[in-house]
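# Working through the structure, step by step
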Amino acid sequence: MKKPLLLLLVALALAIAPSRANAQFPVSVVYDPTNYANALLRYAQLVQQLNQLRATYDQIIHQYNLALQMSRNLPNMATRYATIWAPWRNGDAQDLYGNTATWIEGINSGVVPTVVNGYLQATNTLVPYTPALLDAMPANEVQRVQSDAATIHLADGAADNAMEMIGTIRANALNTTDTINNIQNDSLSEDPNLNTEVSVLNKVNATNVLSLQNAQDTNKLLVSLLEQQTILSKQARDSAANVTNADISRRLNSVAFGQQLTGGIGQTLNTYRLP
């Protein structure tokens, strides 16, 4: 491609070059400085265009070689990078008295009614105070037992939520594992159709979406743990408040109780007679 173009430029230069008039020949050549200058200018432009064509050609060859290099796959990708991880395991427990099977079913499925029934069957039933018992208690004692009952109810709700989340994640674990396997197989495949730029971007997007979903599941589990920790903090706070209230009550009533106790003992001693 370069040689014919060079010959054309040489022929053009010879054609436009000035010639001297010779008296031996009847034909005379008229030298025009303006045409000669224009021809030189066109020649310089052609040389510049040729240099630009050469630079463009070198750049295209470089880009082609780079694209060819970038299109090559690593050999034996599956052998070099494929991994195997431990499969998900479902919950399991003995059912000696028939009160754990529903619990196990709930934490493996995430079905809300099954979770609630399983939790109720495996835990002790909270018996409420009757109105008569509450009426017979002092106000501070009523507030204490009601607070204790609220702690138990809150713990039950948090446990139900945690069991539902665990069961949902386990129920979806098989599909999630299949999705991860598909992404891994497509990423390690040597099929050219799976290694185009669009295919790679699709795999990257699918991986990012899967990561976001797993992060959401992790956040839900962390929220469940935080909820249970909050209830434990409430329980500890209620215990500390009960101890403080009991100490205040003892100090307020200790004098009157001591007087009543010593007065009763003195009266008993005064009225006591040996047989």
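Residues numbered from 1 in each chain as written. Predicted model: local features only at pLDDT ≥ 70, side-chain atom pairs only at ≥ 80, totals over all residues. Heavy atoms only, no water.

Helices and strands together make up the secondary structure of the protein chain, namely 8 helices and 0 strands. If you list the helices and strands of the protein chain from N to C, you get α-α-α-α-α-α-α-α. By the burial criterion, 13% of the 275 residues in the protein chain qualify as buried. Of the roughly 21500 Å² of accessible surface on the protein chain, a fraction of 60% belongs to carbon and sulfur atoms. (Helix = DSSP H or I, 4+ residues; strand = E, 2+ residues; numbered from the N terminus. Buried < 20%, exposed > 50% of the residue type's maximum accessible area, 1.4 Å probe, protein only. Areas by Shrake-Rupley, 256 points an atom, 1.4 Å probe, with all protein chains shown as cover.)

The volume enclosed by the largest pocket comes to roughly 400 Å³. Along the wall of the largest pocket there are 18 residues; nearest its centre are Trp-88, Ile-169, Thr-176, Asn-214 and Asp-217. For the lining of the largest pocket, the secondary-structure elements that each account for two or more residues are helix H7 (139–188) and helix H8 (197–271). The greatest single-element share of the lining of the largest pocket, amounting to 9 residues, is contributed by H7. Considering only residue class, the lining of the largest pocket consists of 8 nonpolar, 8 polar and 2 charged. Quantified by volume, the second largest pocket comes out at close to 240 Å³. In terms of lining residues, the second largest pocket is bounded by 13 residues, among which Asn-140, Gln-143, Arg-144, Asn-242 and Asn-245 are the most central. (1 Å grid on protein atoms, 1.4 Å probe; cavity = no way out; pocket = protein on both sides within 12 Å on 5 of 7 lines; lining within 4 Å. Points joined across faces, edges and corners; volume = space filled by probe spheres on them. Nonpolar A, V, L, I, M, F, W, Y, C, P; charged D, E, K, R; others polar.)

Here we take up the nonpolar core. Within the largest apolar cluster, 6 residues are counted, these being Ile-104, Ile-107, Val-115, Tyr-119, Ala-159 and Met-163. Sorting the residues of this core by element identifies helix H4 (101–109), helix H5 (112–122) and H7 as the ones contributing at least two each. (Core = buried A, V, L, I, M, F, W, Y, C linked by side-chain atoms within 4.5 Å.)

Let's shift gears to H7. Between its first and last C-alpha atoms H7 spans 71 Å; for 50 residues at 1.5 Å apiece the expected length is 74 Å, and the two agree. The largest bend in H7 amounts to roughly 45° and is located at Ala-173. (Expected span 1.5 Å × (residues − 1). Bend = angle between axes of the 7 residues up to and from the residue.)

With that settled, the discussion passes to the packing of H4 against H5. Contact geometry for H4 and H5: axes closest at 7 Å, N-to-C directions at 145°. As H4 packs across H5, the resulting crossing turns out to be left-handed. Residue-level inspection shows Thr-102, Trp-103, Glu-105 and Gly-106 of H4 in contact with H5, the latter providing Thr-114, Val-115, Asn-117, Gly-118, Tyr-119, Gln-121 and Ala-122. Split into classes, the residues belonging to the contact of H4 with H5 amount to 4 nonpolar, 6 polar and 1 charged. (Axes fitted to C-alpha atoms, helices over the stretch in contact; angles between N-to-C directions. Left-handed = near helix turned anticlockwise from the far one by under 90°. Contact = heavy atoms within 4.5 Å.)

This brings us to the environment of Pro-75. Within the secondary structure, Pro-75 is located in the loop between helix H2 (33–70) and helix H3 (77–81). Pro-75 gets classed as exposed once you look at its relative accessible area, which sits at 54%. Separated by 115 residues in the primary sequence, Pro-75 and Glu-190 have C-alpha atoms spaced 8.2 Å apart.

Our next topic: the pattern of salt bridges. All told, the structure shown has 4 salt bridges when counted by the stated rule. Put simply, Arg-144 and Glu-141 hold a salt bridge, and the shortest N to O gap is 2.4 Å. Of this pair, Arg-144 and Glu-141 both sit in helix H7, 3 residues apart, roughly one helical turn. Take Glu-141: its relative accessible area is 28%, and that puts it in the partly exposed class. Arg-144 is paired through a salt bridge with Asp-148; the nearest N and O atoms lie 3.1 Å apart. (Salt bridge = Lys/Arg side-chain N within 4 Å of Asp/Glu carboxyl O.)

Here the focus is unusual backbone geometry. You will see that Asn-76, though not glycine, has its phi angle at about 55°, which is positive. Positionally, Asn-76 belongs in the loop between H2 and H3.

Moving on: the confidence of the model for the protein chain. Residue-level pLDDT values for the protein chain average 82, and 81% of them are 70 or greater. In the predicted structure, residues 19–25 sits below a pLDDT of 50 and forms 1 contact with residues beyond four places in sequence or in another chain. (pLDDT = per-residue confidence, 0-100.)

Before going further, it helps to examine the side chain of Lys-203. Checked against the element boundaries, Lys-203 lands in helix H8. In this structure, Lys-203 is buried with no salt-bridge partner, the nearest side chain bearing the opposite charge being Asp-186 at 6.5 Å. Those residues in contact with Lys-203, other than ones at most four positions away along the chain, are Asp-186, Ser-187, Leu-194 and Asn-195. (Lys, Arg positive; Asp, Glu negative; His and termini not counted.)

Turning to the environment of Lys-234, a few remarks are in order. Within the secondary structure, Lys-234 is located in helix H8. A C-alpha to C-alpha distance of 7.3 Å links Lys-234 and Thr-151, two positions 83 residues apart in sequence. Not counting chain neighbours up to four residues away, the residues in contact with Lys-234 comprise Ser-147, Thr-151 and Leu-154. Within the structure, the side chain of Lys-234 is placed 2.5 Å from the side chain of Thr-151, a separation counted as a polar contact. (Polar contact = N/O pair within 3.5 Å; in protein donor to acceptor, adjacent residues only side chain to side chain.)

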